[in-house]
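Remarks on the overall topology
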Amino acid sequence: MTATLDIATVQAFLLVADLQSFTRTAEALGTTQAAVSLKLQRLETLLGKRLVERSPRAVRLTADGAAFRERARALIAAHDCALSGEGSVAQSLSLGISDHAAGSELVPLLERLHAMSSNLTLAVTIGFSREMQEAYDSGQLDAVIVRQEGSRRGGEKLAEDEFGWFASRHFTVPKGQPLPLATLAPPCGVRAIAVRALDKAGLKWRERFVGGGVTAVVAAALAGLAIAPLARRIAPPGLVDIGPTHKLPKLGSSKVMLHSKVSDPAKLAALRAVAATFRSVAAI
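Residues numbered from 1 in each chain as written. Predicted model: local features only at pLDDT ≥ 70, side-chain atom pairs only at ≥ 80, totals over all residues. Heavy atoms only, no water.

1. Looking at the confidence of the model for the protein
- In the predicted model, the protein carries a mean pLDDT of 86, and the fraction of residues at 70 or more is 91%.
- Considering each helix and strand of the protein separately, the mean pLDDT is smallest for helix α6 (residues 106-116), with a value of 71, and largest for strand β10 (residues 239-241), with 97. (pLDDT = per-residue confidence, 0-100. Helix = DSSP H or I, 4+ residues; strand = E, 2+ residues; numbered from the N terminus.)

2. Thoughts on helix α2 (residues 22-29)
- Taken together, the buried positions of α2 are occupied by F22, R24, T25, A26 and A28.
- One side-chain oxygen at the N-terminal end of α2 lies 3.2 Å from the backbone nitrogen of T23; it belongs to S21.
- Among the residues trailing α2, G30 stands out with phi positive, at a value near 65°. (Buried < 20%, exposed > 50% of the residue type's maximum accessible area, 1.4 Å probe, protein only. Polar contact = N/O pair within 3.5 Å; in protein donor to acceptor, adjacent residues only side chain to side chain.)

3. Concerning the pattern of salt bridges
- What the rule picks out here adds up to 15 salt bridges.
- In this structure, the salt-bridge partner of D18 is R73, at a minimum N-O distance of 3.0 Å. Here the residue D18 occupies a position in helix α1 (residues 7-19), and R73 occupies one in helix α4 (residues 63-83), the gap between them amounting to 55 residues.
- Note that R279 and E156 form a salt bridge whose closest N and O atoms lie 2.7 Å from each other. Residue R279 is found in helix α10 (residues 265-282), and its partner E156 is found in strand β6 (residues 156-168); the two are separated by 123 residues along the sequence. (Salt bridge = Lys/Arg side-chain N within 4 Å of Asp/Glu carboxyl O.)

Dropping the structure here:
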């Protein structure tokens, strides 16, 4: 009897390969680590090859695993194509993400969503946490990834970020002058936290640069224009936290939360993958 590949098992393998974690894969699939491990063992037995190397700290693909991953992706793409007939209804997922929460996770998030279903139309909006939350509450978005603000309850915690005062390695704090800041415009919650901390400490400041997005704020800091209050997770190489050196007030931390109204199984699977991917990258 000819051996056949199980689609769900191949999808589990691809998640393990991308997330490099049995824990995150189990979260994404809504199952247990033991179940994921069993699927991988059966797949390796069927292929007669070891696909992954497991260690207490990481999961890595073997050379055979890396080679199989490309064939596995082609198989899943063909499977999705076979399922999508003329009568199939295109699905869409509208996701709002706080600019200060996106960071380097945005690219793997989108890759994972695409890998989950090439037939899923994505509508991703980047903006202020408050604006994304309001759009979600009014029914304009299926789900949001935002920073927890005020007394808001509910949602699923994806990460907890610590903030710092980031500047170029060559930046010099001007003596006797207000601190030059690079921030987003109001109603940015991170800006409000930074301004409140400086005012409470009695430190003078001025806005040297106001960006339309975190990418612009980071660019201003890298160029040496000003100091940017940023989460450590999203501060790129080239920026350093000068807060401790210059005795600037601590900015504390905030939680990154996922809120969702999704009930459709396909969309739920995609959001589970989003949550697992975010946690996986944020933990690095």
